[in-house]
Amino acid sequence: EAVAAEWMLEFACSCLCRHFAELSGPEFLRWTDVAQALINGVSQIPPHQKKTVYLCQLLIRIAQGKSLGLQFENDGRISPLESALSFWTLLEKEETELEKLHEDIRRLIQIQIVAVHMENRYFKEAAEVLERLFTDSESDKPLRVKLATIIKTKDPYVPLLQTFSYSLLISKIKSYTELYMKENESNFLMQEATKQVKFKGLGATALQNKSVEVKENYKSDLETKQRFVLSILLLRDVLGQMQSCCLDVDSSLFWMYINCLLDLNNMQNVSKDGDPLACSRRRQRWTWEEDQQLKSGVREFGVGNWAKILVHGNFNNRTSVMLKDRWRTLCRIE
């Protein structure tokens, strides 16, 4: 189980790196959920996986960096970007090279922590976070003084903040993830997936940073297997809880496990030789009735409880992931 979880975490991290450019895109968000579930299931991070875990946490927080209402730390004052900075510090300790890139990204995160607060007119909080970010060292003093002056002007559009922008931060971190991907080309699941693609005669090479053209049914089957591995890991944790107490059906762990099982309905439509049957899940339009069921479920159970909504609603061969994506679409339309 530990080895399988390690493979899955490496694969989830590589997926986050590939989809990082999308930031809030559905693929990035889906792999955010997978990576977070795997990390939460690890009681102690093995030394050789620290870099992988830190990078996942960094990307997840950078993607949500402008959402000041979102919390990753127990301290409510800590913004997503400030939390990201702590993981970047841990990543720096795991590496001895790339000193220039490390310094550039550190400075960009620090500047954008202040910039995001100012963009939201939180000038007092920007001044407070400045005190937490910088030490009294001489090397930190020039930037600290510049940012303190900018905060006093209460102008979030000064040249310094525009030059060291959020888009530049994203670009620098993409450069870092590209180096990470090159160093980790030996990802086990990627290697095995590549062999399968070649064996199936699909004429595509499933390597990082290259486009992969895979038949829709085969791709769906691969995703199903990934969810199956995740469901086994979650079942292990559920059974561990049941040994000590009666499992609460309202617990997030219980519904996370149900969520994985519900997404496995495609497994029932796989023939003995491993090929999906004609009745496997296909893309289909959402009906007005399904939209109403989704809205009703969100009102009753709240946003994010997709597994509960799926169980209590009347949907036509949907999964909880589909419900989440459809809700985003409805929010944009409205």
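It should be emphasised that the depicted structure is a prediction, and the values quoted were computed from it without experimental measurement.

Caption draft 1: Up close: the overall build of the protein. Scanning the protein from N- to C-terminus turns up 15 helices and zero strands. Taking all 334 residues of the protein together, 44% fall into the buried category. A sequence separation of at least 24 residues applies to 62% of the contacts in the protein between residues at least 6 apart. For the protein, the accessible surface area stands at approximately 18,600 Å², while carbon and sulfur atoms represent 52% of it.

Caption draft 2: Up close: the packing of helix α1 (residues 2–19) against helix α3 (residues 50–63). The geometry of α1 relative to α3 is characterised by a closest axis approach of 10 Å and an angle of 35 degrees between their N-to-C directions. In terms of crossing hand, the pair formed by α1 and α3 is left-handed. For the pair formed by α1 and α3, the contact residues are Leu9, Glu10, Cys13, Leu16 and Cys17 on the first element and Thr52, Val53, Leu55, Cys56, Leu59 and Ile60 on the second. Broken down by class, the residue content of the contact of α1 with α3 amounts to nine nonpolar, one polar and one charged.

Caption draft 3: Summary view of helix α2 (residues 26–40). Over its 15 residues, α2 runs 21 Å from end to end, which matches the ideal 21 Å to within 8%, given 1.5 Å per residue. Every buried residue belonging to α2 is among Phe28, Leu29, Arg30, Trp31, Thr32, Val34, Ala35, Ala37, Leu38 and Ile39, and all of these are buried.

Caption draft 4: View of the side chain of threonine 194. As for its placement among the helices and strands, threonine 194 is situated in helix α10 (residues 188–199). Threonine 194 sits in the buried class, given a relative accessible area of 7%. A distance of 2.7 Å separates a polar side-chain atom of threonine 194 from the backbone oxygen of methionine 190.

Caption draft 5: Highlighting helix α6 (residues 123–133). Buried within α6 we find Phe123, Ala126, Val129, Leu130 and Leu133. The buried residues of α6 occupy an angular sector of 115 degrees when projected down its axis, which confines them to one face. The exposed residues of α6 that point more than 90 degrees off its buried face are Lys124 and Glu131. Here the buried face of α6 lies against α4 (80–94), α5 (99–119) and α7 (141–153).

Caption draft 6: Quick peek at unusual backbone geometry. Phi at arginine 121 is positive, roughly 65 degrees, even though this residue is not glycine. Assignment of secondary structure puts arginine 121 in the loop between α5 and α6. The exposure class assigned to arginine 121 is exposed, which follows from its relative accessible area of 53%. For lysine 154, which is not a glycine, the phi torsion comes out positive at approximately 55 degrees. Within the element layout of this structure, lysine 154 appears in the loop between α7 and α8 (159–163).

Caption draft 7: Examining the pattern of salt bridges more closely. Counted under the stated rule, the structure contains 16 salt bridges. One salt bridge in this structure joins arginine 107 and glutamate 103, with 3.1 Å as the shortest N-O distance. One end of the pair, arginine 107, and the other, glutamate 103, are both in helix α5, four residues apart, so they sit about a helical turn from each other. Overall, arginine 107 belongs to the buried group, its relative accessible area being 17%. Among the ionic pairs, lysine 172 bridges to aspartate 104, the shortest N-O distance being 3.5 Å. On the criterion of sequence distance, the pair formed by lysine 172 in helix α9 (residues 166–183) and aspartate 104 in helix α5 is long-range, its members being 68 residues apart. Each of Lys51, Glu95 and Glu183 takes part in a single network of salt bridges with overlapping partners.

Caption draft 8: Local environment of the packing of aromatic side chains. Summed over all chains, the structure comprises six aromatic pairs. With 6.3 Å between their ring centres and 50 degrees between their planes, tyrosine 54 and phenylalanine 87 make a pair best called tilted. Of this pair, tyrosine 54 sits in helix α3 while phenylalanine 87 sits in helix α4, placing them 33 residues apart in sequence. Residue classification places phenylalanine 87 among the buried residues on the basis of a relative accessible area of 13%.

Caption draft 9: Looking closely at the nonpolar core. One finds Leu55, Ile62, Val114, Leu147 and Leu169 to be the most contacted residues of the largest nonpolar core, which totals 61 residues. With near-sequence residues (within four places) excluded, leucine 55 lies in contact with Cys13, Cys17, Leu91, Tyr176, Thr177 and Tyr180. The next biggest cluster of nonpolar side chains, apart from the first, holds 10 residues, and it includes Trp286, Leu294, Phe315 and Leu330.

Caption draft 10: Quick look at the confidence of the model for the protein. In this model, the protein carries a mean pLDDT of 79, and residues with pLDDT of at least 70 account for 74%. The model gives residues 204–216 a pLDDT under 50, and that stretch makes 25 contacts with residues more than four places away or in other chains. Contacts for the low-pLDDT stretch residues 264–281, under 50 throughout, to residues beyond four places or in other chains number 35 contacts.

Caption draft 11: Spotlight on the state of the cysteines. All chains considered together, the criterion is met by zero disulfides. Unpaired in this structure, cysteine 17 has its nearest cysteine sulfur neighbour in cysteine 13, at a distance of 4.5 Å. Residue cysteine 17 is classed as buried on the basis of its relative accessible area of 8%. Take cysteine 56: it sits in no disulfide, and the sulfur closest to it among the cysteines is that of cysteine 13, at 3.6 Å. Here cysteine 56 falls in the buried class, since its relative accessible area comes to 0%.

Basis of the calculations
- Residues numbered from 1 in each chain as written.
- Predicted model: local features only at pLDDT ≥ 70, side-chain atom pairs only at ≥ 80, totals over all residues.
- Heavy atoms only, no water.
- Helix = DSSP H or I, 4+ residues; strand = E, 2+ residues; numbered from the N terminus.
- Buried < 20%, exposed > 50% of the residue type's maximum accessible area, 1.4 Å probe, protein only.
- Contact = heavy atoms within 4.5 Å.
- Areas by Shrake-Rupley, 256 points an atom, 1.4 Å probe, with all protein chains shown as cover.
- Axes fitted to C-alpha atoms, helices over the stretch in contact; angles between N-to-C directions.
- Left-handed = near helix turned anticlockwise from the far one by under 90°.
- Nonpolar A, V, L, I, M, F, W, Y, C, P; charged D, E, K, R; others polar.
- Expected span 1.5 Å × (residues − 1).
- Polar contact = N/O pair within 3.5 Å; in protein donor to acceptor, adjacent residues only side chain to side chain.
- Arc of directions from axis to C-beta.
- Salt bridge = Lys/Arg side-chain N within 4 Å of Asp/Glu carboxyl O.
- Phe/Tyr/Trp six-rings, centres within 6.5 Å; stacked < 30°, edge-to-face > 60°.
- Core = buried A, V, L, I, M, F, W, Y, C linked by side-chain atoms within 4.5 Å.
- pLDDT = per-residue confidence, 0-100.
- Disulfide = S-S within 2.5 Å.

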